[in-house]
Number of protein chains: 2
Amino acid sequence: MTRPTLRLYELVLANGRSASPYVWRVRYALAHKGLAFDSVPLGFTEIHTFFAGRFKTLPVIADGATMLAESWVIVDYLDQRYPEKPLFAGAADHAAIRLLDAWLSFEVLRRMLRIYVLDVHDAARPEDRSYFRQSREARFKMTLEAYTADRGERLSRLREALMPLRMQLRQSPFLGGTAPSYADYIALGAFQWIGSVSSLPALAKDDTLLREWLDRGFDLYDGLGRDARLRPLFE
Amino acid sequence: MTRPTLRLYELVLANGRSASPYVWRVRYALAHKGLAFDSVPLGFTEIHTFFAGRFKTLPVIADGATMLAESWVIVDYLDQRYPEKPLFAGAADHAAIRLLDAWLSFEVLRRMLRIYVLDVHDAARPEDRSYFRQSREARFKMTLEAYTADRGERLSRLREALMPLRMQLRQSPFLGGTAPSYADYIALGAFQWIGSVSSLPALAKDDTLLREWLDRGFDLYDGLGRDARLRPLFE
């Protein structure tokens, strides 16, 4: 049985790493399901032209003639089209993890952006930086430097906001229990994102619960998350 | 087939309402599973003596000779002993909702306590108030009045912390999707708790997503959450 090889369009940094928490959760989802794919790296400025305006954000996935954007749309498609090794145990599980994603976006990713957006700029391909700066500064209504000025103080609130993860990891090795679930992939993706750009370690040395979970998570699928280009996540 | 009737030991206020978010999630779990029970109301000062020191917190459930405390222990027991109408779709779903509970405890219940603990005191049975005050003031290292002094300002952070619920309710009528799940029962329990004591409406008039979800949730199981003694949750 042959099928067209999946293509994953990924947001790429100057060093070749994928720079999006949403791309990373899809990378983990594909690995979970054992689906091979070809990677197509695109810089921030290439997305609009490449897709002729059809998609504005990555990840995008192509499966034959099917092209889809938005990580939730993509993983739902993958689970429906390739039902083996499902990412979700059913509708209630899907809803619970979707609510976890809402929490993580609201309390964690927002704080990470406020701390690391200038680092993303600095790690972007040189030809993408001016567009990246202009588009983000228009949204934030201030310079990236002003937006991240007090990031040292914001770090403590970020660490505090991660407390629910630690509470869970006191109970089980993965957020999903004894085995990783899409909740793990969402959270691991956030750390892959900031680890790709960080000039300020996000976590305290003695944050053992998160350290051990990140070690387990980065080791998954033959060390999918391991990369010599990753910057330190711990002080 | 007969079985011993379940007994639920509940924390009771002066007006006879159950005053604990943890009791309320178990009440919803029992209703979800269609399990009848006898209610045994206990005041704050009665728990220690009643259980001869064995249990310090409510809910406690008795099923024949089996007696259990802690809401997660109780619902796990119920799902194992009475497998019909399960509360969880499997281990991953269970873990996801447990992580949601960690989030809700950390970002929402903690803030509710800081706003409503003096209201809980005032709504407690007269004979429980002095014990309630002493035990909580020892924990907070300040008077209940000082602990809740700036609760007006804290209200806006509580409302903000509820944003992930609204994000989810844009997608589906219940937190659990098209049908309520234990995630709904946990969150509904928090509102039953503060609604039982509140002298300050928690939510803004125009918080339509939460208002409609609370209406749907309080209507569940023949209006289990409906009660003329409930105080206004909305401004």
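Residues numbered from 1 in each chain as written. Chains lettered and ligands numbered in written order. Predicted model: local features only at pLDDT ≥ 70, side-chain atom pairs only at ≥ 80, totals over all residues. Heavy atoms only, no water.

Engineer: Teacher, can you tell me more about the overall build of chain A here?
Structural biologist: When helices and strands are tallied, chain A shows 10 helices and 4 strands. What you see in chain A, going N to C, is helices and strands ordered as β-α-β-α-β-β-α-α-α-α-α-α-α-α. Expected size for 235 residues packed as a compact globule is a radius of gyration near 18 Å; at 18 Å, chain A falls within 12% of this value. Dimensions along the principal axes, computed over C-alpha positions, put chain A at roughly 55 × 45 × 30 Å. When the 235 residues of chain A are sorted by exposure, 57% land in the buried category. For chain A, the proportion of contacts with a sequence separation of at least 24, taken over those separated by at least 6, is 72%. Positive and negative charge centroids in chain A, built from 32 and 29 side chains respectively, lie 3 Å apart. (Helix = DSSP H or I, 4+ residues; strand = E, 2+ residues; numbered from the N terminus. Rg over C-alpha atoms; globule rule 2.2 N^0.38 Å. Buried < 20%, exposed > 50% of the residue type's maximum accessible area, 1.4 Å probe, protein only. Contact = heavy atoms within 4.5 Å. Lys, Arg positive; Asp, Glu negative; His and termini not counted. Charge placed at Lys NZ, Arg CZ, Asp CG, Glu CD.)

Engineer: When you look at the pairing of strand S1 (residues 6–11) of chain B in this model, what are you seeing that I'm missing?
Structural biologist: A regular strand places its side chains on the two faces of the sheet in alternate fashion. Residue and element names in this part refer to chain B. Counting buried positions along S1 yields 5 of 6 residues, so the element is predominantly enclosed. In terms of strand pairing, S1 meets strand S2 (residues 37–42) through 6 bridges, oriented parallel. When the sheet's bridge partners are listed, Arg 7 is paired in S2 with Asp 38. On the question of chirality, the crossover connecting S1 to the parallel S2 by way of helix H1 (residues 21–33) is right-handed. With 3 bridges joining them, S1 and strand S3 (residues 60–63) adopt antiparallel strand pairing. (Pairing = 2+ DSSP bridges. Right-handed = clockwise from strand over helix to strand, strands pointing away.)

Engineer: Looking at this model, I keep getting lost on the environment of Leu13(B). Mind explaining?
Structural biologist: Residue and element names in this part refer to chain B. Secondary-structure assignment places Leu 13 in the loop between S1 and H1. C-alpha of Leu 13 to C-alpha of Ile 194: the two residues are 181 residues apart in sequence and 12 Å apart in space. Contacts of Leu 13, omitting those with residues within four sequence positions, involve Ala 19, Val 120, Ala 123, Ala 124, Arg 125, Ser 196 and Val 197.

Engineer: For this particular structure, what's the right way to read the domain arrangement of chain A?
Structural biologist: The figure often quoted for interface size is the accessible area lost as the parts come together. Residues and elements named next belong to chain A. You can read the domains of chain A as domain 1 (7–81) and domain 2 (91–223). Of note, the centres of domain 1 and domain 2, computed from C-alpha atoms alone, are 19 Å apart. Counting from both sides, the interface comprises 24 residues of domain 1 and, opposite them, 31 residues of domain 2. Summed over the three residues of domain 1 that lose the most area to domain 2, namely Tyr 28, Phe 44 and Trp 72, the buried surface amounts to 35% of that side. Put simply, Glu 46 and Arg 125 hold a salt bridge, and the shortest N to O gap is 3.4 Å. Among the secondary structure elements, those contributing two or more residues to the side of domain 1 that touches domain 2 are helix H1 (21–32) and helix H3 (71–81). Looking at the side of domain 1 that touches domain 2, the element that brings in the most residues is H1, giving 8 residues. (Domains from an automatic or database assignment. Buried area = accessible area lost by both parts, 1.4 Å probe. Salt bridge = Lys/Arg side-chain N within 4 Å of Asp/Glu carboxyl O.)

Engineer: Please explain the sheet that holds strand S4 (residues 66–69) of chain A as it appears in this structure.
Structural biologist: Hydrogen bonds between backbone groups are what pair the strands of a sheet, and the pairing can be parallel or antiparallel. Residues and elements named next belong to chain A. Sheet architecture is open: 4 strands sit in the order S2-S1-S3-S4, paired in mixed fashion. A strand with exactly one partner marks an edge of an open sheet, and here the two such strands are strand S2 (37–42) and S4. Between one strand axis and the next, the sheet turns through 20 degrees on average, direction left out of account. With 4 bridges connecting them, strand S3 (residues 60–63) and S4 associate as antiparallel partners. Bridge assignment links Ala 62 to a residue of S4, and that residue is Met 67. Across the sheet, H1 touches strand S1 (6–11), S2 and S3, and the angle it forms with S1 is around 155 degrees. Against the sheet, H3 contacts S1, S3 and S4, and its axis sits at roughly 140 degrees relative to S4. (Axes fitted to C-alpha atoms, helices over the stretch in contact; angles between N-to-C directions.)

Engineer: Help me out: how do you make sense of the side chain of Ser71(A) in this one?
Structural biologist: Residues and elements named next belong to chain A. If you trace the backbone, Ser 71 turns up in helix H3. Relative accessible area serves as the criterion here: at 6%, Ser 71 is assigned to the buried category. Not counting the four nearest positions on each side in its chain, Ser 71 is found in contact with Tyr 22, Arg 25, Val 26, Pro 59 and Tyr 182.

Engineer: What is the right way to look at the relation of the copies chain A and chain B in this model?
Structural biologist: What connects the two chain copies is a rotation about an axis and a shift along it. The transformation that overlays chain A on chain B combines an axial shift of 0.0 Å with a rotation of 180 degrees, and the residual RMSD is 0.0 Å. Classification of the inter-copy transformation places it as that of a two-fold axis. The C-alpha atom lying nearest the rotation axis in chain A is that of Asp93(A); the distance is 2.3 Å. Taken as a fraction of all interface residues of chain A, those also at the interface in chain B reach 100%, which identifies the copy contact as same-surface. (Least-squares fit on C-alpha atoms with pLDDT ≥ 70 in both.)

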